[in-house]
Amino acid sequence: MNPLVYFLLFLKASLLSTGGLGNLPFLQKDLTLLGWANNSDFVTAIAVGQISPGPTGLWSISLGYLTFGWLGAVLALAALSLPPLLTLVVSASYNRLEKLPAVQDFTRGLSMGVVGLTLAVAISLAGTSIQDWRGIAIAAAALGLALSKRVPVIVILGLAGLAGCLLYGL
Amino acid sequence: MDEAEFVRAWALAQISPGINLVKLTALIGYQLRGWPGLMTAMAGLLLPSGGVTALMTAGFSVIRSQPLIQAAMRGILPATIGLSLAMGVQMAQPLLTQARQEGHLRLGAHLLILAGAALLLGLSSVSPVIVLLLAGAAAILLLAVVPDKTRQPEKKKAA
């Protein structure tokens, strides 16, 4: 693995997304094509990103560690830190642009596109992480609990871990 | 920093690249103390949470071969898929609610773009960048053609 290319791929993903799992489609496509990460790395990193403190977007630091050790984690953190500085540039031109209908419609289309990409990637990752009906049931239960907004993410993942132990461990 | 400034910073964070909370932190730090404020605010957010994220991954790598951990992961990984889908739904919800108020055709246009983006990425080898640009362009075209019901009465009043 070339550290510079590795860093630039993470930077590109961060530059082209606005947080959360927005960088996931880019990283999945680029790193999988190069053979630098597999689907189980991605799902594991997303799980750690949900459990660990701070924004979910930090999941790519976990991906960095899983695929390239401590260097990968540091490169991923650096790639996450630079794009937010562009907010200051956007801030300068935002007042003029935000009122234009075309800009508003374009931003809406982008948001819909991001959601579409998230769904497509989640479905492709489901292929490796869901093996049978028990997996489908756990995924559906997690989706339902998350949408109810009454149960914290960490509790959902704790329950899922417990369900895994009971269903597969005994 | 007053509430209006904070709301503006929040709106900016939604549309510029990077993690929302990091951008918000950068803007607040810059507004209050300039570049030193920006640096300390970002370091204060990213170093502890990023460090813990990396350490948790390292800890997990050590214990991942334990049978009980593997069983737990077989429950946690499918749940992660469910949570990712939920994040997508939650991101779409406010925009879709707004689109529905603007008329059924506008809602249909939004859903069409969403489904089109998912299918394009899922079934072809097109880069996600192209998919997003196409989604933005499609929105400009479709939303220009399909009228916004909530805006028409205002126009009549103005005329």
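Residues numbered from 1 in each chain as written. Chains lettered and ligands numbered in written order. Predicted model: local features only at pLDDT ≥ 70, side-chain atom pairs only at ≥ 80, totals over all residues.

## With respect to the overall build of chain B
Right, so step 1: When its secondary structure is counted, chain B shows 6 helices and 0 strands.
Right, so step 2: In sequence order, chain B lays out its α and β elements as α-α-α-α-α-α.
Right, so step 3: A compact globule built from 159 residues would reach a C-alpha radius of gyration of about 15 Å, whereas chain B, at 22 Å, exceeds it by more than 25%.
Right, so step 4: By principal-axis analysis of the C-alpha atoms, chain B measures approximately 70 × 45 × 25 Å.
Right, so step 5: Scored against the burial criterion, the 159 residues of chain B give a buried share of 38%. (Helix = DSSP H or I, 4+ residues; strand = E, 2+ residues; numbered from the N terminus. Rg over C-alpha atoms; globule rule 2.2 N^0.38 Å. Buried ≥ 20, exposed ≤ 12 C-beta atoms within 10 Å, placed from the backbone.)

## A look at the nonpolar core
Right, so step 1: Core analysis: the biggest nonpolar cluster contains 93 residues, and Phe10, Ala76 and Ala142 of chain A together with Ala79, Ala117 and Ala135 of chain B have the highest contact counts within it.
Right, so step 2: The biggest single contributor to this core is helix α3 (residues 67-101) of chain B, with 13 residues.
Right, so step 3: For Ala76 of chain A, the residues in contact, after removing those within four places along its chain, are Phe10, Ser60, Ile61, Leu63 and Gly64 of chain A. (Core = buried A, V, L, I, M, F, W, Y, C linked by C-beta atoms within 7 Å. Contact = placed C-beta atoms within 7 Å.)

## A short note on the domain arrangement of chain B
A common way to state how big an interface is: give the accessible area lost once the parts meet.
Right, so step 1: Structurally, chain B comprises domain 1 (1-63) and domain 2 (67-146).
Right, so step 2: Summarising the inter-unit geometry, the C-alpha centres of domain 1 of chain B and domain 2 of chain B are found 25 Å apart. (Domains from an automatic or database assignment.)

## Quick word on unusual backbone geometry
Right, so step 1: Located in the positive-phi region is Lys149 of chain A, a residue other than glycine, with phi close to 60 degrees.
Right, so step 2: Structurally, Lys149 of chain A can be placed in the loop between α7 (133-148) and α8 (153-169).

## Description of the interface of chain A and chain B
Right, so step 1: Between chain A and chain B, the residue contacts involve 85 residues of the former and 71 residues of the latter.
Right, so step 2: Residue assignment for the side of chain A that touches chain B shows that the elements contributing at least two residues are α1 (3-15), α2 (24-34), α3 (39-51), α4 (59-81), α5 (86-97), α6 (101-129), α7 and α8 of chain A.
Right, so step 3: With 23 residues, α6 of chain A is the largest single contributor of residues to the side of chain A that touches chain B.
Right, so step 4: Within the side of chain A that touches chain B, the residues separate by chemical class into 56 nonpolar, 26 polar and 3 charged. (Nonpolar A, V, L, I, M, F, W, Y, C, P; charged D, E, K, R; others polar.)

## Points about the environment of Val129 of chain B
All names here are of chain B.
Right, so step 1: Counting through the fold element by element, Val129 comes out in helix α5 (residues 128-145).
Right, so step 2: On the basis of neighbour count, Val129 is assigned to the partly exposed category, with 13 C-beta atoms found within 10 Å.
Right, so step 3: Considered as a pair, Val129 and Gly59 are 70 residues apart in the sequence and their alpha carbons are 34 Å apart.

## A look at the packing of α6 of chain A against α5 of chain B
Right, so step 1: Remark: α6 of chain A packs on α5 of chain B, axes separated minimally by 7 Å, with the N-to-C direction vectors making an angle of 135 degrees. The angle between α6 of chain A and α5 of chain B falls in the class oblique. Handedness of the α6 of chain A/α5 of chain B crossing: right-handed. From α6 of chain A, Ala102, Asp105, Phe106, Arg108, Gly109, Leu110, Met112, Gly113, Val114 and Leu117 of chain A reach across to α5 of chain B, where they touch Pro128, Val131, Leu132, Ala135, Gly136, Ala138, Ala139, Ile140 and Leu143 of chain B. (Axes fitted to C-alpha atoms, helices over the stretch in contact; angles between N-to-C directions. Parallel < 35°, antiparallel > 145°, perpendicular 65-115°, else oblique. Left-handed = near helix turned anticlockwise from the far one by under 90°.)

## Some thoughts on the packing of α3 of chain A against α8 of chain A
Residues and elements named next belong to chain A.
Right, so step 1: The geometry of α3 relative to α8 is characterised by a closest axis approach of 9 Å and an angle of 130 degrees between their N-to-C directions. Classified by the angle their axes make, α3 and α8 are oblique. Taken together, the residues of α8 that come into contact with α3 (itself represented by Ala47, Gln50 and Ile51) are Val153, Ile154 and Leu157.
Right, so step 2: Looking at the contact of α3 with α8 residue by residue, the classes come out as 5 nonpolar, 1 polar and no charged.

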